[in-house]
Amino acid sequence: MALEITDSSFQDTVLKSEKPVLVDFWAVWCGPCRTLGPIIEEVAADFEGKAVVGKVDVDNNQEISMQYGIRNIPTVLIFKNGEVVDKLVGVTPKEIIAEKLSAHL
């Protein structure tokens, strides 16, 4: 299951992680986000133990959303060693998300 990441847990969960981290920026009211949600959960299950997969609710965590310039949701950022190494905007097929994340393992 994807972790819930907040402004306060972001540094420890994402920036200090020794594994690649996929972060889905989303909101409850966003239709495309609800479409992407189950895909993110599948990716979380597939990469368990190899990568960290989490979600940031942009309405409740505006500090992180602003820091990374999230203007459209859903936006998926992939972090490695605390740096953004890839970005996907919009609903993206599971195969593409998995391929992008695998490239950073």
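Structural notes, computed from the coordinates. (Residues numbered from 1 in each chain as written. Predicted model: local features only at pLDDT ≥ 70, side-chain atom pairs only at ≥ 80, totals over all residues. Heavy atoms only, no water.)

**Comments concerning the pattern of salt bridges**
Part 1 of the reasoning: Tallying each qualifying case throughout the model produces five salt bridges.
Part 2 of the reasoning: For lysine 16, the salt bridge goes to aspartate 12, with nearest N and O atoms at 3.5 Å. Each member of the pair, lysine 16 as well as aspartate 12, carries the same accessibility label: exposed.
Part 3 of the reasoning: Connected through salt bridges with shared partners, the residues Glu42, Asp46 and Lys94 form a single ionic network. (Salt bridge = Lys/Arg side-chain N within 4 Å of Asp/Glu carboxyl O. Buried < 20%, exposed > 50% of the residue type's maximum accessible area, 1.4 Å probe, protein only.)

**Re the packing of helix α2 (residues 31-46) against helix α4 (residues 94-102)**
Part 1 of the reasoning: Close contact between α2 and α4 brings their axes to 10 Å; oriented N to C, the two are set at 40°. In terms of orientation, α2 lies oblique with respect to α4. Considering the relative orientation of α2 and α4, their crossing is right-handed. Each of Leu36, Ile39, Ile40, Glu42, Val43 and Asp46 in α2 lies in contact with α4, whose residues at this interface are Lys94, Ile97 and Leu101.
Part 2 of the reasoning: Residue classes in the contact of α2 with α4 are distributed as six nonpolar, no polar and three charged. (Axes fitted to C-alpha atoms, helices over the stretch in contact; angles between N-to-C directions. Helix = DSSP H or I, 4+ residues; strand = E, 2+ residues; numbered from the N terminus. Parallel < 35°, antiparallel > 145°, perpendicular 65-115°, else oblique. Left-handed = near helix turned anticlockwise from the far one by under 90°. Contact = heavy atoms within 4.5 Å. Nonpolar A, V, L, I, M, F, W, Y, C, P; charged D, E, K, R; others polar.)

**Thoughts on the side chain of threonine 75**
Part 1 of the reasoning: Residue placement: threonine 75 occurs in strand β4 (residues 75-80).
Part 2 of the reasoning: A polar contact is formed between the side chain of threonine 75 and the backbone oxygen of asparagine 72, at a distance of 2.4 Å.
Part 3 of the reasoning: Residue contacts for threonine 75: discarding those within four places in its chain leaves Val23, Asp24, Phe25, Ile70, Lys87, Leu88 and Val89. (Polar contact = N/O pair within 3.5 Å; in protein donor to acceptor, adjacent residues only side chain to side chain.)

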